[in-house]
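Here are the chains, one letter per residue:
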Amino acid sequence: MKVSYVKGLKCRECGRHYPKEALYVCEYCFGSLEVDYDYARIKKKLTRKELTSRPQNLWRYRELLPLDKAPTDGMGSGFTPLIKADNLARELGVRELYIKDDSVNHPTLSFKDRVVAVALSKAKEFGFDTVACASTGNLGNSVSAQAAKANLERYIFIPADLEMGKVIGSLIYAPNLIAVEGNYDEVNRLCAEIAFRYKWAFVNINIRPYYAEGSKTYAYEIAEQFGWRAPDHIVVPSAGGSLITKVWKGLNELYKIGLIDDKPRTKVYCAQAEGCAPIVTAIKENSEVIKPVKPQTIAKSLAIGNPADGYYAVNTVQTSGGWGEEADNEEIVEGMKLLARTEGIFTETAGGVTVAVTKKLIAQGRIPRDESIVIAITGNGLKTQEAISEHIGRFTKIKPTLASFEKKVKARRR
Ligand SMILES: *Cc1c(COP(=O)(O)O)cnc(C)c1O
Ligand SMILES: [Zn+2]
């Protein structure tokens, strides 16, 4: 079956064209490469009617994804709920608020299941039998799980200080898990060297142009679930800066192929943790230059001090008219608790960052109170329990008798 609408790869800086191969940097200007589509053909094929007749997973947008053959992985990924968050809206004093909830994505409870679904399908097209990644946790979980299902050999490289939930969440799928004594940026540098020497598909290095396209589906779904409209505001957590860039690209593609009628006027906001906010710092300084930092935050999944797509993330925020803010550790914990208490959603530290930043942007008047707002919840709280275990309520312990119940529980409530 021929499904490809992909023309090739194209340099994001100088525009030079490259063939569909496992390439990621332009050899002339060292710009990063991006997938180039035939939008005119996609526009003819991908109508609303056609789309909505398809299964509810991320492959319903397959013409906008970089495969040449039929997809093979992630058949349960994507199409996560867009929840109307009325309780949280009341708390924050806004009219129309939604949560795009990838904390329940399949199979490993984070938005990374999207990018890995695309990366593994593409790696198999290229003929790789081994996949690998440099990960802050969630990517490792998803590559471990989806490569197990795909019968691929798998190598996961993580910083040695990750949360237990993230470590176990990879190990259960029996990967080769390598904990590097260093931060993510050191892990990533090592992986670039390994990728150069071994013939492995590093999903976020040599397969990166294809992998990154998976993030667009997060935006496609928001627009579809929103009734084929783009919301006024989206707040997105950033690590390497890929998701936020692709959310904006995705909305604009939908307009380009006629799936949404109005040109997106969505303002895109970047959420980072105070101890690791190189993108937000550049936004605030109105600079295009990202100054790398040494990460220091409980939001470990966002702890990338030298973001590969930082420049494009800043550009996205500036072009869309958004802004950036940061949240400290205390605000992150409060953000996690606020979302759980109001909407019944247990997110990880990255989600705490996003909720806290949204609250700040509203309080600052950057996000108006009477327009539609989407908060990007990208990961699950069960994986980062260390962050909140000391900051939540305690259970009441009783004997298995009615007397004990009435003494310890009811009495206290009276
Ligand atoms: C990886 C990750 C992000 C950010 O992704 P980038 O595309 O690298 O900016 C956000 N939230 C969670 C939970 C993640 O794991
Ligand atoms: Zn170039």
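Scroll up a little and you will see the structure.
Within each chain, residues carry numbers counting from 1 in the order of the written sequence. Whichever chain is written first becomes A and whichever ligand is written first becomes 1, with later ones labelled in order. For a predicted model such as this one, the threshold for reporting local features is a pLDDT of at least 70, and the threshold for listing and counting side-chain atom pairs is 80 or more; totals across whole chains, interfaces and linings nevertheless cover every residue. Calculation of side-chain values draws on the structure's entire complement of heavy atoms; hydrogens and water are dropped beforehand.

Thoughts on helix 9 (residues 216-225)
To keep things clear, this is the line we draw: Partly exposed residues are those whose accessible area sits between 20% and 50% of the maximum for their type, while under 20% is buried and over 50% is exposed, using a 1.4 Å probe and protein chains only. Strands here mean DSSP runs of E at least two residues long; helices mean DSSP runs of H or I at least four residues long; both are numbered from the N terminus.
Among the ten residues that make up helix 9, nine are buried, leaving the element largely enclosed by the rest of the structure. For helix 9, the full list of buried residues reads Lys216, Thr217, Tyr218, Ala219, Tyr220, Glu221, Ile222, Ala223 and Glu224. Trailing helix 9 by a residue or two, Gly227 shows a phi angle of about 85 degrees, which is positive.

As for a nonpolar patch on the surface
So the rule is basically this: The patches reported here contain residues having more than 30% relative accessible area and no salt bridge. Joining distances are 9 Å for like charges and 5 Å for nonpolar side chains (Val, Leu, Ile, Met, Phe, Trp, Tyr). With residues, only the protein chains shown are counted as cover, and all accessible areas are computed by Shrake-Rupley using a 1.4 Å probe. For this document, the term salt bridge refers to a Lys or Arg side-chain nitrogen within 4 Å of an Asp or Glu carboxyl oxygen.
The grouping of Ile398, Leu402 and Phe405 at the surface amounts to a nonpolar patch, some 270 Å² of accessible area in total. Along the polypeptide, Phe405 turns up in helix 15 (residues 402-413). The class of Phe405 is partly exposed, set by a relative accessible area of 32%.

Things to note about the coordination of the zinc ion (ligand 2)
Quick note on the threshold: Distances decide who is a donor: an N, O or S atom must be within 2.8 Å of the metal, or within 3.2 Å for Na, K and Ca. Water is not included, so sites may look incomplete. Labels for metal geometry use angle windows, namely 85 to 135 degrees for all angles of a four-donor tetrahedral site, and for square planar (four donors) or octahedral (six donors) sites opposite donors over 155 degrees apart plus all others within 65 to 115; sites meeting none of these are irregular.
Surrounding the zinc ion (ligand 2) are the protein donor atoms Cys11 (SG), Cys14 (SG), Cys26 (SG) and Cys29 (SG), at 2.3 to 2.4 Å. Coordination at the zinc ion (ligand 2) comes from four donor atoms whose angles at the metal span 98 to 120 degrees, giving a geometry best classed as tetrahedral. For the zinc ion (ligand 2), the single-chain donor residues occur in sequence as C-x2-C-x11-C-x2-C. Of the two residues, Cys14 sits in the loop between strand 1 (6-11) and strand 2 (17-18) while Cys29 sits in the loop between strand 2 and strand 3 (33-37), which places them 15 residues apart along the sequence. Taking the relative accessible area as the measure of exposure, Cys14 reaches 36% and is therefore partly exposed. Of the residues examined, Cys29 reaches a relative accessible area of 33% and is grouped as partly exposed.

Regarding the state of the cysteines
Using the following cut-off: Here, a disulfide means two cysteine sulfur atoms that sit within 2.5 Å of each other.
Applying the stated rule across the entire model yields zero disulfides. Summary of cysteine pairing: Cys133 is not part of a disulfide, and the nearest cysteine sulfur, belonging to Cys191, is at 7.6 Å.

Here we look at the pattern of salt bridges
Applying the stated rule across the entire model yields 30 salt bridges. Here Lys122 and Asp68 are joined by a salt bridge, their closest N and O atoms 3.9 Å apart. One end of the pair, Lys122, is in helix 4 (residues 112-126); the other, Asp68, is in the loop between helix 2 (48-52) and strand 4 (82-84), and 54 residues separate them in sequence. On the basis of relative accessibility, which here comes to 1%, the residue Lys122 falls in the buried class.

Some details on the pairing of strand 5 (residues 96-101)
To keep it simple, the criterion reads: Note on pairing: two strands pair once DSSP finds at least 2 bridges between them.
Within strand 5, six of the six residues are buried, leaving the element largely enclosed by the surrounding structure. By the alternation rule, side chains of strand 5 split into Glu96, Tyr98 and Lys100 and Leu97, Ile99 and Asp101, which are all buried. Sheet topology places strand 5 next to strand 13 (residues 372-377); six bridges connect them, and they run parallel. What sits directly across from Tyr98, in strand 13, is Val374.

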